[in-house]
2 protein chains.
Amino acid sequence: MNSYEDEFRNYLKENGLKFTPERQLILKGVFSLHKHFDIDQLWEKLHRKDRRLSRATIYRTLPLLVECNLIQETLRCQGRVQYEHIFGHEHHDHLVCLKCGKIIESREERIEKLQEEICKRYHFKAVEHRLGIRGYCQKCQNKMKGT
Amino acid sequence: MNSYEDEFRNYLKENGLKFTPERQLILKGVFSLHKHFDIDQLWEKLHRKDRRLSRATIYRTLPLLVECNLIQETLRCQGRVQYEHIFGHEHHDHLVCLKCGKIIESREERIEKLQEEICKRYHFKAVEHRLGIRGYCQKCQNKMKGT
DNA sequence: TTTGTAATTGAGATACAATCTCAATTATAC
DNA sequence: GTATAATTGAGATTGTATCTCAATTACAAA
Ligand SMILES: [Mn+2]
Ligand SMILES: [Mn+2]
Ligand SMILES: [Zn+2]
Ligand SMILES: [Zn+2]
């Protein structure tokens, strides 16, 4: 079992890319955040450690991390792409509260199976799939009743 | 069973909004397109009939059509939001080919049921859900083998 | 039908995430 | 160490989407 850093180093080497201090910083940042994040949140966190780190470098690095399956695009909230690290985590679906923004994660094996079935039916080779349910969490439902 | 125009007129009236010629044109345009479309494609089509029609009016009208469940945001392709009309159509999921852009539509009752089950489990009140599978269609798989 | 009024429109300005440019810097293989 | 191609930061640029505002218009009430 490789570490995420090994995975990234291997990916970079295989593609003739360099393991720079900036990329290392971003990699560590991504795996130290244990929730969904967008690029600006990540930049804000990392910029404190390295005042020179540019947003452009993050924009350039995250697609690399997606490419080698360390992180994943999850949702788009308020026009911003959200990411989460997935290395060492199971795939899961997301329930997003439209009021408070709360995200519930759920894994349902039977849905995964059915998706595979659908792909077979259409001779479709899936690379990625995303199930997002938008609505209202329990708390927000109660608040709305109270009004 | 109301027509989509009745639906829209009622929605507008209920909200103190006006049924303008522009909105009528956009409504008809949306229901004469029998595939997924983005705002620019719609504008290009409608602009021929009414040279004055502004993109801004389309940007302003589509959210109204979403609000009254006549159309739906489906996917985001190349940074553009894609819509489709849903009035009179069953809900379905989308398989998108990353190479040629082909979209396969699929309805799987069992997945729908499981989604409801998940929502119950978390006391979550769903408003909308979207399942998107990205990958390669059969044709594109064959092309890639040939290379 | 006429009138009053708030909603709507088009054109252009603006916002803003994401991408690109380019000269200076740097990781890595030899 | 050297050579070289990749990488970086800063700022410019792109392109979708939103906003502004004066002029227009739908529509309800008279
Ligand atoms: Mn998640
Ligand atoms: Mn569809
Ligand atoms: Zn909530
Ligand atoms: Zn294809």
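All of these numbers come straight from a predicted model, not from anything done at the bench.

Novice: Help me understand the coordination of the manganese ion (ligand 1), please; the structure alone is not making it clear to me.
Specialist: Perfect tetrahedral coordination of a metal by four donors corresponds to 109.5 degrees between them, and perfect octahedral coordination by six donors corresponds to 90 or 180 degrees. All names here are of chain A. Donor atoms from the polypeptide that bind the manganese ion (ligand 1) are His36 (NE2), Glu84 (OE), His92 (NE2), His94 (NE2) and Glu105 (OE), placed at 2.1 to 2.3 Å. Summarised as a motif, the one-chain spacing of the donors to the manganese ion (ligand 1) is H-x47-E-x7-H-x1-H-x10-E. With Glu84 in strand E3 (residues 80-85) and His94 in strand E4 (residues 93-97), the pair connects residues that are 10 residues apart, well separated along the chain. Since its relative accessible area comes to 6%, Glu84 is described here as buried. Look at His94 and you get buried, because its relative accessible area is 4%.

Novice: What am I meant to see in the sheet that holds strand E2 (residues 71-77) of chain B here?
Specialist: Strand pairing in a sheet relies on backbone hydrogen bonds. The paired strands run either parallel or antiparallel. Strand order in the open sheet formed by three strands is E1-E3-E2 (chain B), with antiparallel pairing between adjacent strands. Strand pairing shows two members of the sheet lacking a second neighbour, strand E1 (37-38) and E2 of chain B, which therefore form its edges.

Novice: Teacher, can you tell me more about helix H4 (residues 55-67) of chain A here?
Specialist: Working note: α-helix, 3.6 residues per turn, so residues spaced by three or four point in the same direction. All names here are of chain A. Taking 1.5 Å of rise per residue, 13 residues should cover 18 Å, and H4 covers 19 Å from first to last C-alpha, within 8% of that figure. When H4 is considered as a whole, its buried residues turn out to be Thr57, Ile58, Thr61, Leu62, Leu64 and Leu65. Looking straight down H4, one finds that the buried residues subtend no more than 160° of arc, so they occupy a single side. H4 presents Arg60 and Glu67 as exposed residues on the side facing more than 90 degrees away from its buried surface.

Novice: So what exactly am I meant to see when it comes to a positive patch on the surface here?
Specialist: Together, A:Lys99, A:Lys102, A:Lys139 and A:Lys143 give the surface a local cluster of positive charge. For A:Lys139, a relative accessible area of 65% corresponds to the exposed category.

Novice: I'm lost on the interface of chain A and chain B in this one. Help?
Specialist: Interface size is commonly expressed as the accessible surface area that is lost when the partners come together. Each partner contributes to the interface: chain A provides 36 residues, whereas chain B provides 36 residues. Approximately 3200 Å² of surface area, both sides summed, lies buried where chain A meets chain B, with 64% of it carried by carbon and sulfur atoms. Counting every contact that joins chain A to chain B gives six salt bridges. In this structure, the salt-bridge partner of B:Arg110 is A:Glu117, at a minimum N-O distance of 2.7 Å. Linking chain A with chain B are 14 residue pairs in polar contact (both at pLDDT 80 or more). Counting residues per element, the ones that place at least two in the side of chain A that touches chain B are E4, strand E5 (103-106), helix H5 (109-121), strand E6 (125-136) and helix H6 (138-146) of chain A. Counting residues per element, the side of chain A that touches chain B draws most heavily on E6(A), at 12 residues.

Novice: Sorry if this is basic, but what is going on with the packing of helix H1 (residues 4-14) of chain B against helix H4 (residues 55-67) of chain B here?
Specialist: Between two packed helices, both the angle of their axes relative to each other and the distance between the axes serve to describe the pair. Residues and elements named next belong to chain B. Contact geometry for H1 and H4: axes closest at 10 Å, N-to-C directions at 100°. Judged by the inter-axis angle, H1 sits roughly perpendicular to H4. On H4, the residues that touch Phe8, Tyr11 and Leu12 of H1 are Thr61, Leu64, Leu65 and Glu67. Within the contact of H1 with H4, the residues separate by chemical class into five nonpolar, one polar and one charged.

Novice: What am I meant to see in the coordination of the zinc ion (ligand 4) here?
Specialist: All names here are of chain B. Coordination of the zinc ion (ligand 4) by the protein comes from Cys97 (SG), Cys100 (SG), Cys137 (SG) and Cys140 (SG), over a distance range of 2.2 to 2.4 Å. Seen from the zinc ion (ligand 4), its four donor atoms lie at angles of 103 to 115°, and the figure they make is tetrahedral. All donors to the zinc ion (ligand 4) come from one chain, and their sequence spacing reads C-x2-C-x36-C-x2-C. With a gap of 37 residues between them, Cys100 in the loop between strand E4 (93-97) and strand E5 (103-106) and Cys137 in the loop between strand E6 (125-136) and helix H6 (138-146) connect regions that are remote in the sequence.

Novice: Sorry if this is basic, but what is going on with the sheet that holds E3(A) here?
Specialist: Residues and elements named next belong to chain A. Taken together, three strands build an open sheet; the order of strands is E1-E3-E2 and the sheet is antiparallel. Of all the strands in the sheet, the pair left with one neighbour each is strand E1 (37-38) and strand E2 (71-77). Across five bridges, E2 lies against E3 in antiparallel orientation. Considered in E3, the bridge of Glu73 is made with Tyr83.

Novice: Where do I start with the protein's contact with DNA strand C in this structure?
Specialist: The local shell around DNA strand C holds 21 residues, among which A:Tyr59, B:Thr20, B:Arg23, B:Thr57 and B:Arg60 are the closest. Of all DNA strand C atoms lying within 4 Å of any protein atom, the proportion belonging to sugar or phosphate reaches 71%. Within the backbone of B:Lys18, a nitrogen or oxygen atom sits 2.9 Å from a phosphate oxygen of DNA strand C. Counting residues per element, the ones that place at least two in the surface near DNA strand C are H4 and E3 of chain A together with helix H2 (21-32) and H4 of chain B. A total of three residues in the surface near DNA strand C trace back to one element, the largest contributor, which is H4(A). Partitioning the surface near DNA strand C into residue classes produces seven nonpolar, five polar and nine charged.

Conventions we followed
Residues numbered from 1 in each chain as written. Chains lettered and ligands numbered in written order. Predicted model: local features only at pLDDT ≥ 70, side-chain atom pairs only at ≥ 80, totals over all residues. Heavy atoms only, no water. Donors = N, O, S within 2.8 Å, 3.2 Å for Na, K, Ca; no water. Helix = DSSP H or I, 4+ residues; strand = E, 2+ residues; numbered from the N terminus. Buried < 20%, exposed > 50% of the residue type's maximum accessible area, 1.4 Å probe, protein only. Pairing = 2+ DSSP bridges. Expected span 1.5 Å × (residues − 1). Arc of directions from axis to C-beta. Patch = residues over 30% accessible without salt bridge, like charges linked within 9 Å, V, L, I, M, F, W, Y side chains within 5 Å. Areas by Shrake-Rupley, 256 points an atom, 1.4 Å probe, with all protein chains shown as cover. Salt bridge = Lys/Arg side-chain N within 4 Å of Asp/Glu carboxyl O. Lys, Arg positive; Asp, Glu negative; His and termini not counted. Charge placed at Lys NZ, Arg CZ, Asp CG, Glu CD. Contact = heavy atoms within 4.5 Å. Buried area = accessible area lost by both parts, 1.4 Å probe. Polar contact = N/O pair within 3.5 Å; in protein donor to acceptor, adjacent residues only side chain to side chain. Axes fitted to C-alpha atoms, helices over the stretch in contact; angles between N-to-C directions. Parallel < 35°, antiparallel > 145°, perpendicular 65-115°, else oblique. Nonpolar A, V, L, I, M, F, W, Y, C, P; charged D, E, K, R; others polar. Tetrahedral: all angles 85-135°; square planar, octahedral: opposite > 155°, others 65-115°. Near = heavy atom within 4 Å.

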